[in-house]
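# Survey of secondary and tertiary structure
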Amino acid sequence: MITAPQRHIVFASAAIFLVIIAIAGLTSFGSGALERTMIVFLVSLIGVAGIGVYSGNSGILSFGHVGFMGIGAYCAALLTLPVPLKTATLPNLPSWLAATQLDFVSATLIAVLFVGVVAAIIGAAIGRLEGSAATIATLGLLIIVHGVTIGWRDVTRGAQTFFGVPRETTLWTAAIACIIALIAARLYRDSVSGLRLRAGRDNAIAANAVGINIQKERLISFIVSAMLMALAGSLLAHFLGAFSPKKFYFTDTFFLLSMLIVGGMSTVTGAFTGAVVITLITEILRRFESGFTLFGFEMPTIFGTTQIGIGLIILFAMFRKANGLAGLKEWEERFFARDISPPNAPVAARPVEERTELQASGLVMQFGGLTAVNDVSLTLKPGEIFGLIGPNGSGKTTVMNMLSCVLKPTVGSVKLGEIELIGRKSNQVANFGIARTFQNIRLFPDLTVYQNVHVAALSTRGGQNAEARTYAALERLGMLDRADADSGTLSYGDQRRVEIARALACEPTLLFLDEPAAGMNREETDGLMETLRKLCAELGIGILIVDHDLKLINELCDRVAVLNEGKMIAEGTPEQVRNNPAVVEAYLGRSA
Amino acid sequence: MELFLQQTVNAFALGGTYALLALGLAVVFSIMGLINFAHGELMTIAGYVLMYCGLAGISFVFAVPLALLASTFAAVLMERVAFRPVRNSSGATMLVTSFAVAMILQVLFQNLISVRSQPVLLPEALSGSIMIGGLVIGVNKLVAIISTVIMLIFLDRFLSKQKYGIAMRAAAEDFAVARLMGIRANTVIAGAFAISGLLAGVAAILWVSQRASVDPLMGFTPVLKAFIAAILGGLGSLRGAVAGGFLLGFIEIYLAAFLPPALQEFRDPIGLGLVVLVLLMRPNGLLPAASLKAEKV
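What you see is a predicted model; the values in this text were computed from it and never measured.

Of the pockets and cavities examined, the second largest pocket occupies roughly 1100 Å³. A:Phe250, A:Thr251, A:Asp252, A:Phe255 and A:Gln307 are, among the 36 residues lining the second largest pocket, the residues nearest its centre. Counting residues per element, the ones that place at least two in the lining of the second largest pocket are helix H2 (32–58), helix H12 (214–240), helix H13 (250–263), helix H14 (268–289) and helix H15 (305–320) of chain A together with helix H4 (91–112) of chain B. Ranked by the residues each element gives to the lining of the second largest pocket, the list is headed by H13(A), at eight residues.

Quick look at the structure:
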C-alpha cells in the first residue's frame, strides 16, 4: 500500500520511465563505447537505488550490498551457462545444477528470489544491531560473501575468472530493468513499510511508541534492496560475460556508495543525481589519467586521478551538503504539495469502547544503587484526567516510562484490565490503546507533519481508516494548515501539538502526556487545556498528564498524585492535594 | 599441547595489535561518534616513516619515535582538516568523510611513494627467536606482546590519573555535559586523535616488524579487522575494544592452526561467522559502552 499522494507517484514513475528511455534512446545512436558506458551506468543506477532502499530508509549505511550483487551474479550465471561449458569448467558441480540451462530472464528471476531468501536469513541476524555497529556488520557481510565465493571452488571457480556467461544484457534490457528497479525503489520509499522505517530512522523511541516494529520493517527493506542488488548483479554478469569475486568487493562498493552519498541516500532522485555526477566525473577524469597537455605544459601521468576526484567530491558534498545534492526530498515532493482534503466519508471519531482501567501496583525502579521510584501504585480510568506532579527528579517520567513499557520496572505490575503489560515490548503498547508524548520532543523531523501523524495511524488498529484518523487528529489540534511542513521546522508549541496529534491518531484509550505545556505561552496552554478537556469529554479518553504548571494541573485534572523522591506522598482531588501538609513540605520546605 | 601454547603466543601478538587499533578507533568513536576509516592510513604513514628512516640510515631506535610522532601528528592534522567541518553531523556523514580521506591518502601514497610494496630495514635482533620453557618464540612476537601491554598500561594510567585523560573519559560519557563543565571540545577531540594516532603508530611498527615491508594499502586489512573487533567488544567502549581485539586475534590464529585443511579457505568467513554468533547473543558487544544505557526518554 502506498502512502504518498497518487500524483507524486504518477509523476515520479512517469519521469523515471521517460528519462531512462530517453537516455537509452540517445545512446543507441552513439558509438559502441558509449553504449558500454551507458549499460554500466544503468546497472550501477540499479545498484545505487538498491542500496538506497535499505540505507536511505533505515539510515544505516551498508557496505554489504555489493555482496548480494555478487551472489545474484554467480547464481544467474550458473543457470545460464551452457551445459557443455559447465561440465568442462566446473566438473564438481552437483549434477542437477550441471544439467540445468535456463534462459536469461528466468535465471535472473530465480537469482533475485534466491538472494531474497539469503537476505532474509542474514537480515534477521544483522537486524539486531544498531547504527554504526550495523554498518560495520555489513562490512563483515561483504568479507564473508567474498570469502565464501573464493573458497567455494567447485561452484564459483574460486578466485579465478568465471567465464562463458552468455552476453544477454543489451542496452534495452538494462534500461527496462533500471526502470523497474527505480520505480520499485520509489514505491518502497512511500509504502507503509518504507514510511514506518523512515519514522524509525528519525526517532526510534517515538516510532516504537506509535506501534512500529522497526526490526520488521528493516528486514523487509533489507530483502527488497538485496533483490534489487541481485538484479543488478545478474545484468552485470550477462554484460561482462566473465568476472571474478574481486568484481564484487571493495572497489565497486566504494564506487556505488560514493554515488549514493553524493546524490543523497534517502531519495531515488538522489540515487539518480549521484549516479549521473559520479559517472560524468569518472569519465572526464579518466581522460586526464594518462597525462595531457595544458597550455604547452606536459602534465605527468597521475595514477588514480578518478579516485582522488571522487574523494574530493565526497568531501565537498559532506562539508557543504551532508544530505547529498538532492537533499531529503524527491523532486516531485518539492514541486507538488500534498492536497489535504477531508476524507470522502468522514468517519466519526471513534469513541472509546473498552472501559478498561489501567492498574499499576507496587512499581519499583532501581538504576544501579539509586531507587528512582519506590512502591508507586495508581489507577487510570478512561474519561478521567489524572495529573502526576512532583519536584524535579521525583520519578514522574520514570513512572510514565514504566507504564508505557519503555522501562521495565525492577518490581511491580501494570495491568490493563486483565492483561499484564510488564515485559511487553514498547511497540506493542500502542495497540493496547496507550499512546504517549515525550518530555524532550520526539517527532520524526524529516517527515512532514501529515506523515508524522499518518504513520502512527497506519501502525495502530490495523491501519484501518488511517487517512480519516490522520485528518481528524490534525484537525483537533489545529495543525491542518501546517500539514505539509517538515515537522522539524515547526515552532516549539507546534511541535508539541503535532506530538499530541500523532498520539491521538493511534486512537488511544489512555493518553500519556509528558510536560505537554512546556515551552507554551499562557494562551497556547489555555488552548491545549481546552483541547484536552474535549478529548476527555467527547471521546472518553483517559489522560495521564505530567507537568510543572500547577495552574494547568489544578484546573484540568480530576485527580492528582504527588511524587517526592520516588514515593507517592499524596493522591486525591486537586483541592485535597493542595491542602496536604506533606505536599506543601515537599514543594516549599518545612515551616520552622 | 606445545603447538597450542605456541599458537596462543601468536594469538596474543596478533590480538594485541588488533586491540591497539580497535582502541584507537574506540577512543575517537566514544567522543565524537566517528568511525575513522582513515585509521589504516595513519598506520601506513608510520610504516613509510620507518622505511625512509631505514633508507636514510637512521637507527631503528630513532626511527621508532619518529614514526610514532608522524602518525600522531598526522592524526591531529586529519582531524583539523577533514573532520572538524563535519564534527556535529550524523555518524554516517562522518564515516563517509573518513572514507573519502582514506581513499585520497591511498592514491597519494601510490603516486608520491610507490604502488608496489617497499622493503623496510629492520634490526637483526627482531627476526631472531628465543627459547622460553621449551617454546620457540620470535623476538618480534615477544616485542609485540610487551609493547601492547605497555601501551595498555600507559593508556589506563593516562585515562584514570591525568587531567586530560579524565576529561576525555568524561567527554566519552556525555560530551555535552563535559563541555558545560568547562572542558574544551577542541582540546579533547585533538587529544583523542593524538592518542588514536599514537596507537596506530605502535600497531604499525608491530605490523611491519612481522612483515618487513610496507605498501599503500598496508593499513586497510588490519583496520578492517579492528572495526570488527570494536563492534565485537562494544562500539565506543574502550575495555570492549581491547577485549574484542584479543578475541578476534584468538579466533583467527586458532582457526588458522586447527581448522582442517579442507576448510582453510573458508577461514575468514568462519571467523566472522563466529563473531556474528557472539553478537547475536550480545548485540551491544562483550562490554557495552556506558553511554548506550544513558539515553533519556
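From this point, things continue past the structure.
It is worth spelling out the nonpolar core at this point. In terms of nonpolar packing, the biggest core is built from 259 residues, with A:Ile20, A:Phe68, A:Phe162, A:Phe243, A:Leu511, A:Ile545 and B:Phe227 touching the most fellow members. Counting residues per element, this core draws most heavily on helix H1 (residues 2–32) of chain B, at 16 residues. Ignoring sequence-local partners within four residues, the contact set of A:Leu511 consists of A:Ala435, A:Ala503, A:Leu504, A:Leu535, A:Ile541, A:Gly542, A:Ile543 and A:Leu544. Membership of the second largest hydrophobic core comes to 27 residues, among which are A:Val373, A:Leu378, A:Leu510 and A:Ala561.

Residues and elements named next belong to chain A. Most of helix H17 (residues 396–403) sits inside the fold, with eight of its eight residues counted as buried. For H17, the complete set of buried residues consists of Lys396, Thr397, Thr398, Val399, Met400, Asn401, Met402 and Leu403. In the stretch just after H17, Cys405 is the one whose phi turns positive, near 65 degrees.

Another aspect to go through is the side chain of B:Arg87. In this structure, B:Arg87 sits in the loop between helix H3 (60–83) and H4. A polar atom in the side chain of B:Arg87 sits 3.1 Å from the side chain of B:Glu79.

Moving on, we get to the state of the cysteines. Residue and element names in this part refer to chain A. For the structure on display, the rule yields zero disulfides over all chains. Left unpaired, Cys506 is separated from the closest cysteine sulfur, that of Cys405, by 15 Å. Classification of Cys506 as buried rests on a relative accessible area of 1%. Cys557 takes part in no disulfide bond, and the closest cysteine sulfur, belonging to Cys536, lies 9.9 Å away. With a relative accessible area of 7%, Cys557 lands in the buried category.

As a further point, take the interface of chain B and chain A. Listed as interface residues are 38 residues of chain B and, on the opposing side, 43 residues of chain A. Where chain B meets chain A, there are one salt bridge. Breaking the side of chain B that touches chain A down by element, the ones donating at least two residues are H3, H4, helix H10 (220–233) and helix H12 (267–281) of chain B. No other element matches the 13 residues that H4(B) contributes to the side of chain B that touches chain A. When grouped by side-chain class, the residues that make up the side of chain B that touches chain A number 30 nonpolar, five polar and three charged.

The rules behind the values
- Residues numbered from 1 in each chain as written.
- Chains lettered and ligands numbered in written order.
- Predicted model: local features only at pLDDT ≥ 70, side-chain atom pairs only at ≥ 80, totals over all residues.
- Heavy atoms only, no water.
- 1 Å grid on protein atoms, 1.4 Å probe; cavity = no way out; pocket = protein on both sides within 12 Å on 5 of 7 lines; lining within 4 Å.
- Points joined across faces, edges and corners; volume = space filled by probe spheres on them.
- Helix = DSSP H or I, 4+ residues; strand = E, 2+ residues; numbered from the N terminus.
- Core = buried A, V, L, I, M, F, W, Y, C linked by side-chain atoms within 4.5 Å.
- Buried < 20%, exposed > 50% of the residue type's maximum accessible area, 1.4 Å probe, protein only.
- Contact = heavy atoms within 4.5 Å.
- Polar contact = N/O pair within 3.5 Å; in protein donor to acceptor, adjacent residues only side chain to side chain.
- Disulfide = S-S within 2.5 Å.
- Salt bridge = Lys/Arg side-chain N within 4 Å of Asp/Glu carboxyl O.
- Nonpolar A, V, L, I, M, F, W, Y, C, P; charged D, E, K, R; others polar.

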